[in-house]
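Residue-level structural notes
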Amino acid sequence: MACNAVGRGYVWGVLALLTVTLLPAVKLAQSQEPCRYVYSSEDSPDGVIASPGFPEDYPESQFCTYVLQGKPGERLRLKFNALQIEGAPHESNRPCFFTCHHDYLEVEELNDADQPVRTLGRYCGDCVPPALVTSRPRAQLTFVTDETKNYGGFQVDFNFITNDCGGTYRVAGGVLESPGYPGPVPADVFQCEWILELSSPNNDVSLQFLETDIAYEDAELETYQVKHDVTGALVFAEPVKTSDSPDVMETGPDATALIVSFTSKTGRGRFQASWTQFTHIPANGTCAGFRCAEHAGRCIHTALVCNGFPNCGSTDTSDERDCQPLPGGSDNVVVGIVVALVLAVLLLIAAACVGHAYRQRQVDKRGRPLRSTDARASTRSNRRLKENMKVSGEEDEEEARGLRDGNAHT
């Protein structure tokens, strides 16, 4: 009996231990299946995604997935409206850092089989990240929580977009323009995002707005600098600070890219900006490209010199000085090309006429070319014809003389 009691106690003890150990896992597993949502661009071209119970505190032990499925050629824009997830609080004078050890919201791009291929960011804390645009038509948001602290959660607006503007650039510089610039924005374009990536840790990006016609009720124009880690996950994001002019934005230390986001709400609003990737060099350092005059520590690529846009800064136009046009100008070049074409046509016509005249001299009455033997035979034939005509003429003359004599005797 004692052994049976001990055995029963041992069994109950094991069951209790298993219950305490596995209950959270069972609870988490049970929450996975119902907390899954799928949005298709055909049924939901736009919408709102939020944590369970938002804006109230989210439950513990959650594993929620939000799958967004677009058609080929589409991309996805995500705009974060609210973020309150367990994590380090954000200091107002510091950029957003996302180091998530407990609860988090993760954004991933998916392939056609809905398998993750790239992580765009993992977010927590209370710093709202900037909007982002995927490079693929499919994406997934995953929200994971543990059993400890609960907060207000998150809310994200999503839009499937089809316009082909914006993109990722990793070159020396260039020009950004609103779609249709300088005219109005096309009706089917409402959001564009340009990601200007730094090609070297020693580089920075400068963005100078040359023209802006933006009213808040018509359009929005935003700039952010961001940093990604070696895995491509977003580490921080913050608005770009102005440089020596309100129209010039420059990246700061540790930034890996500058993002320019343009949203047209009513089909109005436009802008034009030049951007430059430059290297910092010391006063006695060597610049492999073009050294700006007033920003002496700035070295830009030679391809940006005399390109019609300022690339050294708003107060430094040294890259656009002493730019000599081609000799004669473009109009003279066009005129020269036209004259050369006309002369070539005239020469071809003259050559054709000379060849035709030569061939005509070599053709007889029957219209076929003459060989040298045919030419000699033709000469002999003409000589015989003339002799026959002479003999025939003499016979006719004698016959006529005989007729006159006969008439005289009668």
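Residues numbered from 1 in each chain as written. Predicted model: local features only at pLDDT ≥ 70, side-chain atom pairs only at ≥ 80, totals over all residues. Heavy atoms only, no water.

**Observations concerning the overall build of the protein chain**
We apply this condition: Secondary structure elements follow DSSP: runs of H or I of four or more residues count as helices, runs of E of two or more count as strands, with numbering from the N terminus. We call a residue buried when its accessible area falls under 20% of the maximum for its residue type, exposed when it is over 50%, and partly exposed in between, using a 1.4 Å probe and counting protein chains only. Accessible surface area values rest on a Shrake-Rupley calculation with a 1.4 Å probe, where residue burial reflects the displayed protein chains alone.
Helix and strand counts for the protein chain come out as three helices and 21 strands. In the protein chain, buried positions account for 35% of the 410 residues. Summed over all atoms, the accessible surface of the protein chain reaches about 24600 Å², with 56% contributed by carbon and sulfur.

**Details of the sheet that holds strand β6 (residues 116-123)**
Note the following rule: Strand pairing is assigned whenever DSSP identifies at least 2 bridges connecting the two strands. With axes taken as lines fitted to C-alpha atoms, and helix axes fitted only over the stretch in contact, angles between N-to-C directions fall between 0 and 180 degrees.
Taken in spatial order, the five strands of this open sheet run β1-β3-β8-β5-β6, and their pairing is mixed. Of all strands in the sheet, those bounded by a partner on one side alone are β1 (36-40) and β6. The average angle at which neighbouring strand axes cross in this sheet is 15°, direction not considered. Note that strand β5 (residues 104-110) and strand β8 (residues 138-144) share six bridges and pair antiparallel. The partner of Y104 across the bridge, within β8, is V144.

**Quick notes on the pairing of strand β4 (residues 75-84)**
Sheet topology note: the β4/strand β9 (residues 153-161) ladder contains nine bridges and is antiparallel. Across the sheet, residue A82 finds its bridge partner in β9, namely Q155.

**Re the state of the cysteines**
The test is simple: Disulfides are defined as cysteine sulfur pairs within 2.5 Å.
Summed over all chains, the structure comprises five disulfides. Here C100 connects covalently by a disulfide to C124, the sulfurs 2.2 Å from one another. Between C100 and C124, the S-S dihedral sits near -95°, and the bridge is therefore left-handed. Linking C100 in the loop between β4 and β5 with C124 in the loop between β6 and β7 (132-133), this pair joins segments that are 24 residues apart in sequence. Comparing C100 with C124 shows no difference in burial state: the two are buried.

**Overview of the confidence of the model for the protein chain**
Counted only if it meets this: The predictor attaches a confidence to each residue, and that confidence, scored 0 to 100, is pLDDT. Contacts are assigned to residue pairs that have any heavy atoms within 4.5 Å of one another.
The predicted model of the protein chain averages 75 in pLDDT, with 68% of residues at 70 or higher. This model gives residues 326-331 a pLDDT under 50, and the stretch forms zero contacts once residues within four places in sequence are excluded.

**What about the nonpolar core?**
Test applied: Only buried residues count toward a nonpolar core. Its members are Ala, Val, Leu, Ile, Met, Phe, Trp, Tyr and Cys residues joined through side-chain atoms within 4.5 Å.
Grouped together as the largest cluster of nonpolar side chains are 28 residues, with contacts concentrated most on Y66, L68, L78, L141, F143, F154 and F158. Listed by contribution, the elements that provide at least two residues to this core are β3 (63-69), β4, β5, β6, β8 and β9. Beyond its immediate chain neighbours, meaning those up to four positions away, F158 contacts Y39, S44, P45, D46, G47, V48, I49, L68, L76, R77 and L78. Of all hydrophobic cores here, the second largest spans 19 residues; its members include V185, L198, A273 and W275.

**Focus on the sheet that holds strand β2 (residues 46-50)**
The strand order across the open sheet built from four strands is β2-β9-β4-β7, with neighbouring strands paired in antiparallel fashion. Each edge of the open sheet carries a strand with a single partner, namely β2 and β7. Note that β4 and β7 share two bridges and pair antiparallel. Across the sheet, R77 pairs through a bridge with V133, a residue of β7.

**As for the environment of K71**
Threshold: Polar contacts, as used here, are pairs of N or O atoms within 3.5 Å; protein pairs need one atom able to donate a hydrogen and one able to accept it. Residues neighboring in sequence count only if both atoms are side-chain atoms.
In this structure, K71 sits in the loop between β3 and β4. Here the alpha-carbon distance between K71 and R136, two residues 65 residues apart in the chain, equals 9.5 Å. When near neighbours in sequence (up to four residues on either side) are disregarded, K71 contacts S41, E42 and P137. At 3.5 Å, the side chain of K71 and the side chain of S41 are in polar contact.

**A look at the pattern of salt bridges**
Let me state the cut-off plainly: Any Lys or Arg side-chain nitrogen located within 4 Å of an Asp or Glu carboxyl oxygen qualifies as a salt bridge.
Taken as a whole and assessed by the stated rule, the structure comprises nine salt bridges. Between E109 and R118 there is a salt bridge, and its shortest N-O distance comes to 3.9 Å. For E109, a relative accessible area of 2% puts it in the buried group. Its salt-bridge partner being R136, residue E109 comes within 4.0 Å of it at the nearest N-O pair. Residue E109 is found in strand β5, and its partner R136 is found in the loop between β7 and β8; the two are separated by 27 residues along the sequence. The network of salt bridges with shared partners includes E109, R118 and R136.

**Some details on the environment of Q272**
Here Q272 is to be found in strand β19 (residues 270-280). Distance from Q272 to L210, taken between C-alpha atoms, is 5.5 Å for residues 62 residues apart in sequence. Leaving out residues up to four positions away in the same chain, Q272 has contacts with V175, L176, E177, Y181, Q208, F209, L210, E211 and F309. Among the polar contacts made by the side chain of Q272, one reaches the side chain of E177 at a distance of 2.8 Å.

**Regarding a nonpolar patch on the surface**
Selection rule: A patch is a set of surface residues, each over 30% in relative accessible area and not in a salt bridge, joined within 9 Å for like charges and within 5 Å for the nonpolar side chains Val, Leu, Ile, Met, Phe, Trp and Tyr.
A cluster of nonpolar side chains, contributed by V342, L343, V345, L346 and I349, occupies part of the molecular surface with about 450 Å² of accessible area. Mapped onto the elements of the fold, L346 is located in helix α2 (residues 329-361).

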